[in-house]
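In case you want the letters, here they are:
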Amino acid sequence: MAMNVGRALSCMRTIYVSRVLRHVREPVSLGTNLARFSSSSPDALPKTDSLEVTFVKADGQKVKARCKEGDSLLDVVVNNELDISGYGACEGTLTCSTCHVILSKEDYDRIPSKPLDDENDMLDLAFELTETSRLGCQIVMTKELNGLEVRLPSSVNDARG
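No experiment lies behind these values; they were computed from the predicted model shown. (Residues numbered from 1 in each chain as written. Predicted model: local features only at pLDDT ≥ 70, side-chain atom pairs only at ≥ 80, totals over all residues. Heavy atoms only, no water.)

Trainee: Please give an account of the overall build of the protein that cites residues and values.
Mentor: Across its full length, the protein carries four helices and five strands. Starting at the N terminus and walking to the C terminus, you meet the elements of the protein as α-β-β-α-β-α-α-β-β. By the burial criterion, 40% of the 161 residues in the protein qualify as buried. By sequence separation, contacts in the protein at least 24 residues apart represent 62% of the contacts at least 6 residues apart. Accessible area for the protein stands at about 9500 Å²; split by element, carbon and sulfur atoms hold 52% of it. (Helix = DSSP H or I, 4+ residues; strand = E, 2+ residues; numbered from the N terminus. Buried < 20%, exposed > 50% of the residue type's maximum accessible area, 1.4 Å probe, protein only. Contact = heavy atoms within 4.5 Å. Areas by Shrake-Rupley, 256 points an atom, 1.4 Å probe, with all protein chains shown as cover.)

Printed below as a string of structure tokens:
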């Protein structure tokens, strides 16, 4: 029983750390005090309730959602409880490709961060991959991205198996 509780606590810490680190825009060493990245920290990314994202499902249905500056597209789906089947199965740890989104060339070019090797590795496993594909967990909303529209593929591939 104690072993199961220990595993559960370890898993919860891992999920918390992955959620905190998802918003970090600088390298973090293993010994870094993560408290400075929490939402109650004055050093945390600024958040304002003023941005909108539109998710276009494979059937053409458009789902609009509000979000805060600093939220990833995965955060937008989770925080708004959007009904997008299988989206974000790994909770943003870059171990699946279920948050795969497809952007217009114009919107793709507006995203300040470009995909890193880990993201590209996961995108290689995604269905309906395009030159403007990204993982939603890696797109962080900024004021410049307000009104972003992303298309969802018709199916998802959970690279974890």
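Back to the text.
Trainee: Kindly report on the pattern of salt bridges, identifying the contributing residues and their values.
Mentor: This structure, assessed with the given rule, holds seven salt bridges. Between Glu128 and Arg151 there is a salt bridge; the shortest N-O distance is 3.9 Å. Taken together, the positions of Glu128 in the loop between helix 4 (117–123) and strand 4 (133–135) and Arg151 in strand 5 (residues 148–151) put the pair 23 residues apart, joining distant regions of the chain. Since its relative accessible area comes to 35%, Glu128 is described here as partly exposed. Beyond isolated ion pairs, a larger network of salt bridges with shared partners links Glu52, Lys64 and Arg66. (Salt bridge = Lys/Arg side-chain N within 4 Å of Asp/Glu carboxyl O.)

Trainee: I'd love a proper account of the nonpolar core, names of residues and values included.
Mentor: Grouped together as the largest cluster of nonpolar side chains are 28 residues, with contacts concentrated most on Phe55, Leu73, Tyr87, Val101, Leu103, Ile139 and Met141. Secondary-structure elements contributing two or more residues to this core are strand 1 (49–56), strand 2 (62–68), helix 2 (73–79), strand 3 (100–103), helix 4 and strand 5. Take this core: its biggest share by element is four residues, from helix 2. In this structure, Tyr87 is in contact with Phe55, Leu73, Leu74, Val77, Thr98, Cys99, Val101, Gly136 and Leu152, ignoring residues within four places of it in sequence. (Core = buried A, V, L, I, M, F, W, Y, C linked by side-chain atoms within 4.5 Å.)

Trainee: An account of the packing of aromatic side chains is needed here, citing residue identities and associated values.
Mentor: Each aromatic ring pair is described using two quantities: the centre-to-centre distance and the angle formed by the ring planes. Summed over the entire model, instances satisfying the criterion amount to one aromatic pair. Ring geometry for Phe55 against Tyr87: centres 6.4 Å apart, planes inclined by 80°, an arrangement best described as edge-to-face. Here Tyr87 lies in the loop between helix 2 and strand 3 and Phe55 lies in strand 1, a separation of 32 residues in the sequence. Comparing Phe55 with Tyr87, the two get one shared label, buried. The side chain of Lys114 reaches across the aromatic face of Tyr108, ending 5.4 Å from its centre. (Phe/Tyr/Trp six-rings, centres within 6.5 Å; stacked < 30°, edge-to-face > 60°. Lys NZ or Arg CZ within 6 Å of the ring centre and 35° of its normal.)

Trainee: A description of the side chain of Thr54 should follow, citing residues and the corresponding values.
Mentor: Relative to the elements of secondary structure, Thr54 occurs in strand 1. For Thr54, the side chain forms a polar contact with the side chain of Lys64, separated by 3.5 Å. Aside from chain neighbours lying at most four places away, what touches Thr54 is Lys62, Val63, Lys64, Leu148, Glu149 and Val150. (Polar contact = N/O pair within 3.5 Å; in protein donor to acceptor, adjacent residues only side chain to side chain.)

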